[in-house]
Amino acid sequence: MDDEHARREVDERVRAALAPDDAASRRVAARALAGEEVAEPRRPLFAGVTIALVVVCLAAIAVVVLSRSRVVAPARDRPSTLAITGRGSVLVVESADGRRWIVGPPARGSGGSYVIVVPQ
């Protein structure tokens, strides 16, 4: 099976179809040899749009991060520790800044089971 002849024929047809005509070859050679400054091709429009989208996304991320960091209260505003002690039926809760809450048993004869905390 000798298909070498068919390969050459296909190759010749492809080369003939893709070969530029003489006028185009002269025009390209003349422009290349002219030595004139050729303007750089402009960037496609989508490159500018892509850069703008990246900038907008980064700005949105920065806004979210900054707003989240301001929502959290600093740790120094929160009491760091609570001391809870119980003496009989009375419970005393004391914070590090000196505030104290005393929780006692509900009053006798009350209908509900609510506990009232009174800061002292």
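1. Focus on the overall build of the protein
Thought 1: Scanning the protein from N- to C-terminus turns up three helices and four strands.
Thought 2: Going from the N terminus to the C terminus, the protein shows its helices and strands as α-α-α-β-β-β-β.
Thought 3: Taken as a whole, the protein presents about 11,500 Å² of accessible surface, with 61% of it coming from carbon and sulfur.

2. Quick notes on the confidence of the model for the protein
The predicted coordinates ought not to be read in detail in places where the model reports low pLDDT.
Thought 1: Residues at a pLDDT of 70 or more form 71% of the protein, whose mean pLDDT is 78.
Thought 2: Mean pLDDT values over the elements of the protein span from 64, in strand S4 (residues 118–119), up to 87, in helix H3 (residues 45–71).

3. Things to note about the pairing of strand S1 (residues 82–87)
Thought 1: For S1, a buried count of zero out of six residues is recorded, marking the element as mostly open to its surroundings.
Thought 2: Pairing geometry for S1 and strand S2 (residues 90–95), over six bridges, is antiparallel. The partner of threonine 85 across the bridge, within S2, is valine 92.
Thought 3: What sits between S1 and S2 in their antiparallel hairpin is a turn of two residues, with glycine 88 showing a positive phi close to 65°.

4. Some details on the environment of alanine 96
Thought 1: By secondary structure assignment, the location of alanine 96 is in the loop between S2 and strand S3 (100–103).
Thought 2: C-alpha separation for the pair alanine 96 and leucine 82, spaced 14 residues apart in sequence, amounts to 6.4 Å.

5. Re the pairing of S2
Thought 1: Here S2 pairs with S3 via four bridges, running antiparallel. When the bridges of S3 are listed, glutamate 94 appears paired with arginine 100.
Thought 2: If you look at the hairpin formed by S2 and S3, you'll find four residues sitting between the two strands, and glycine 98 has a positive phi there, around 100°.

6. Some points on the pattern of salt bridges
Thought 1: Across all of its chains, the model carries four salt bridges by this definition.
Thought 2: Here glutamate 94 makes a salt bridge to arginine 100, at a shortest N to O gap of 3.7 Å.
Thought 3: The class for glutamate 94 is partly exposed, based on a relative accessible area of 31%.
Thought 4: In this structure, arginine 99 engages aspartate 97 in a salt bridge whose closest nitrogen and oxygen atoms are separated by 3.2 Å.

7. Observations regarding helix H1 (residues 4–18)
Thought 1: Helix length check: H1 (15 residues) gives 21 Å between terminal C-alpha atoms against 21 Å at 1.5 Å per residue, within 8%.
Thought 2: Among the 15 residues in H1, zero count as buried, and that is only a small part of the element.

Here is what the cut-offs are and how they apply
- Residues numbered from 1 in each chain as written.
- Predicted model: local features only at pLDDT ≥ 70, side-chain atom pairs only at ≥ 80, totals over all residues.
- Heavy atoms only, no water.
- Helix = DSSP H or I, 4+ residues; strand = E, 2+ residues; numbered from the N terminus.
- Areas by Shrake-Rupley, 256 points an atom, 1.4 Å probe, with all protein chains shown as cover.
- pLDDT = per-residue confidence, 0-100.
- Buried < 20%, exposed > 50% of the residue type's maximum accessible area, 1.4 Å probe, protein only.
- Pairing = 2+ DSSP bridges.
- Salt bridge = Lys/Arg side-chain N within 4 Å of Asp/Glu carboxyl O.
- Expected span 1.5 Å × (residues − 1).

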